[in-house]
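Each chain, letter by letter, is given below.
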Amino acid sequence: MSRTVLVLDRVSKVYGEGASTVIAVRDVSLELTEGRFVLLMGPSGSGKTTLLLLMGCLLKPTRGRLFLFEHEVSALDERTLPLLRRRYIGFVFQTFNLFPALTALENVELALNLKGITGRRARQQAAELLARVGLGERLHFLPRDLSGGEKQRVALARALAGDPPILLADEPTGMLDSRTGRQIVELLAELSRTENRLVFMVTHDPRVRDLADEVLVMEDGSIVARERAEEEMAAASRGERR
Amino acid sequence: MILREEESAWQAEEFKATMVSLAKKNLFHDRVRFLVALIGIQFAVVLMTLQIGFLLKFMTNASVLIDHIEADLWITAKNLKNFDFGLPFSEQKLYEARRAPGVLWAERFLMGFSYWKMPDGGQETIQVIGFNPETRIGAPWDIVEGDLTDVKYFNQIFIDEADRARLGFPRVGDEVEIIGQRARIAGITRGAKSFTGSPFVFTSFKNALKLSFIPPGQTVYILVKVAPGYAVEEVKQYLAETLTGVDVYTKREFSWKSRRYWLLVTGAGIALLSTALLGLLIGTIIVGQTIYASTIDHLREFGTLKAIGASNADLYRIIIAQALIVALIGYATGMLLSRIFLHVARRAGLEAYLPPEVLLAIFGLTVLMCVSASIISIYKITKLDPALVFRS
Ligand SMILES: Nc1ncnc2c1ncn2[C@@H]1O[C@H](COP(=O)(O)OP(=O)(O)OP(=O)(O)O)[C@@H](O)[C@H]1O
Ligand SMILES: [Mg+2]
């Protein structure tokens, strides 16, 4: 049976105070299990990034509770949250956010260092991770010498540093052409299935729906629809579980 | 709970080294900005070094005779302001001092303002120094030309090589006129330049009485050597209590009193010191601005680091490491530049005095400057919006 990785219990996030408050996330309850590739879609401003920030422990919910492997994290303080992120979460961004002064290898190494893996071991693991995302030949390239797709692969390798059980990606294909973008999404899908990881991805691209196990749709801060993949629904109706 | 084991990795030395190496790489990546910060620090270092060096040299001038004379104690007229403003008092005190326990020897020593007649008919203010030629206590210490025993004879004088131009380029053997009296130059000294700018003229105590306005039977200073086995402080105490109408200082006290006078009372030192402080301030602003601008430029990277698990403390470490790296390189190159400037200055006759503890202090100030310059950047990091890295 798949373990539950992340639980959101009526989580809300309100920005600002007084007259200018924005309710970005409104009473969202979710239960996400390992090994699944989940898409989050929805119009601009619907609260997708905010939800991702909450799940990634970069923001604290205004209301509600958040559990990571059954530990409540919504109450933890600023000193503990970095430790949680280090251990459980890998981030992938639309704009890659690689360190321009560091090579592909060094970018991944840095993340490994942050997770307590240092020295030669870090170097070796970084090379393995880059090979895993198909960049074994580009180890010593600086980000400026890599294509968009290659940069996102480096970012993926970096997110995989320390083997976190959760990958959170916010429009990782937003800066890429559709073919390259699809390759990245295929890689993400594979990373969830073969390594039993929860991959949660925000996207605007409906063409990659077929790759996901589940699609959530958000509107005005709430999850308004939850579609499972067809085969899974069929399986569910036969009374089986994945 | 679940996080215990993580904490040890978080504290690892190697991990700190990673942050420092990232700081270094970021720094050298923005080359122009790095150079601007360096120039800011170099500016501050050079300005501080030169100003403080000249100031200290200036100050040693104010006590040059005191520092070179091997007396332990100086007996002076009451409430003297500094060495150059010496006032006469009765020679009688000399004999009283010699009778005091713990006094190995005591000598008369004269310092009096006087006038030197220039070849063009004008007058130059001079400071006549009179010492005992038999014991040579208080005599000039570095003789370039001439025989010091000559000062025993009638109005034979020594002048310093640094003052020759000021006195109209007299040579050894030349006859000159001092307050209507004929004097002859018997030799040349080195390193005996007065702080007031009025040239020192060295001669015997007896000649000095005639060549200055000090009345006979008076002295300006009494130099005292403390006998072995006696504490300087105790002998000083005894003399101060038994001799009336005079003050007694240790060599250090009198030296510092003379320096401090010119430093504080006249404001000359204040002006120099404030230039040095200005350098420090401008340096801080330039370094602060470049580090701040660099932080703003790298905000996305700091945000990314936070997202992948860095704590605020880690980010501060990067900023502080950057500040320290520029401080170190800026100090080293700034000192190199200072050496070049000092070399040029020395050729122009301007000396500096920079003991190791001062160089260390300037290094300390440079580090302090760079670290305080990064405080705004650190503040900026604490306010970092986590969503920043998710925006395009
Ligand atoms: N720091 C903030 N302060 C105030 N309001 C904010 C802040 N961040 C987001 N918001 C608001 O919260 C709402 C949700 O924003 P969010 O960025 O989560 O939307 P999104 O679904 O990711 O949009 P997009 O598809 O454009 O990225 C928006 O109305 C936005 O203006
Ligand atoms: Mg968004």
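This structure is a prediction, so every number in the text was calculated from the model and none was measured. Here the residue numbers are simple positions, counted from 1 along each chain's written sequence. All chains are assigned letters beginning with A, and all ligands numbers beginning with 1, in the order in which they are written. Local features in this predicted model are restricted to residues whose pLDDT is 70 or higher, and side-chain atom pairs enter the listing and the counts only when it is 80 or higher, whereas totals over whole chains, interfaces and linings include all residues. Values reported for side chains reflect all heavy atoms of the structure, with hydrogen atoms and water molecules removed beforehand.

Core analysis: the biggest nonpolar cluster contains 90 residues, and A:F37, A:L130, A:L156, A:L188 and B:L305 have the highest contact counts within it. A run of DSSP states H or I qualifies as a helix once it reaches four residues; a run of E qualifies as a strand once it reaches two. Both are numbered from the N-terminal end. Among the elements that take part in this core, helix α3 (residues 31-62) of chain B stands out by supplying eleven residues, more than any other. Throughout, a contact is declared for two residues whenever any of their heavy atoms are within 4.5 Å. Sequence-distant contacts of A:L156, that is, excluding residues within four places in its chain, are made with A:V92, A:V133, A:L167, A:I184, A:L187, A:L188 and A:L191. B:I66, B:I129, B:F200 and B:F202 belong to the second largest nonpolar core, which has 62 residues in total. Take the buried Ala, Val, Leu, Ile, Met, Phe, Trp, Tyr and Cys residues and link them wherever side-chain atoms come within 4.5 Å; each set so joined is a nonpolar core. Relative accessibility thresholds used throughout: buried, under 20% of the residue-type maximum; exposed, over 50%; partly exposed, between the two (1.4 Å probe, protein chains only).

It is common to give the size of an interface as the accessible area that goes away when the parts come together. For chain B, the assigned domains read domain 1 (18-61 + 268-390) and domain 2 (79-244). Here the C-alpha centre of domain 2 of chain B lies 48 Å away from the C-alpha centre of domain 1 of chain B. These domain limits were set by an automatic method or by a database of domain assignments.

Okay, the pairing of strand β1 (residues 73-77) of chain B next. Residues and elements named next belong to chain B. Among the five residues in β1, five count as buried, and that is most of the element. Strand pairing requires that DSSP identify at least two bridges connecting the strands. Bridge analysis of β1 against strand β12 (residues 246-250) gives five bridges, and the strand direction is antiparallel. Along β12, the bridge assignment pairs W74 with Y249. Examined bridge by bridge, β1 and strand β11 (residues 221-226) share three bridges and lie antiparallel to one another. Opposite I75, over in β11, you have I222 as the bridge partner.

Next up on the list: the sheet that holds strand β10 (residues 222-228) of chain A. Residues and elements named next belong to chain A. What the six strands build is an open sheet, ordered β6-β7-β8-β3-β9-β10; its pairing is mixed. A strand with exactly one partner marks an edge of an open sheet, and here the two such strands are β6 (89-92) and β10. Pairwise comparison of adjacent strand axes, ignoring direction, gives a mean angle of 20 degrees for this sheet. The pairing of β6 with strand β7 (residues 166-170) spans four bridges and is parallel. Along β7, the bridge assignment pairs G90 with L167. Helix α2 (residues 81-88) rests against β6 and β7 of the sheet, and its axis sits at about 80 degrees to β6. Axis geometry follows a simple rule: fit a line to the C-alpha atoms, using only the stretch in contact for helices, then measure angles between N-to-C directions, giving values from 0 to 180 degrees.

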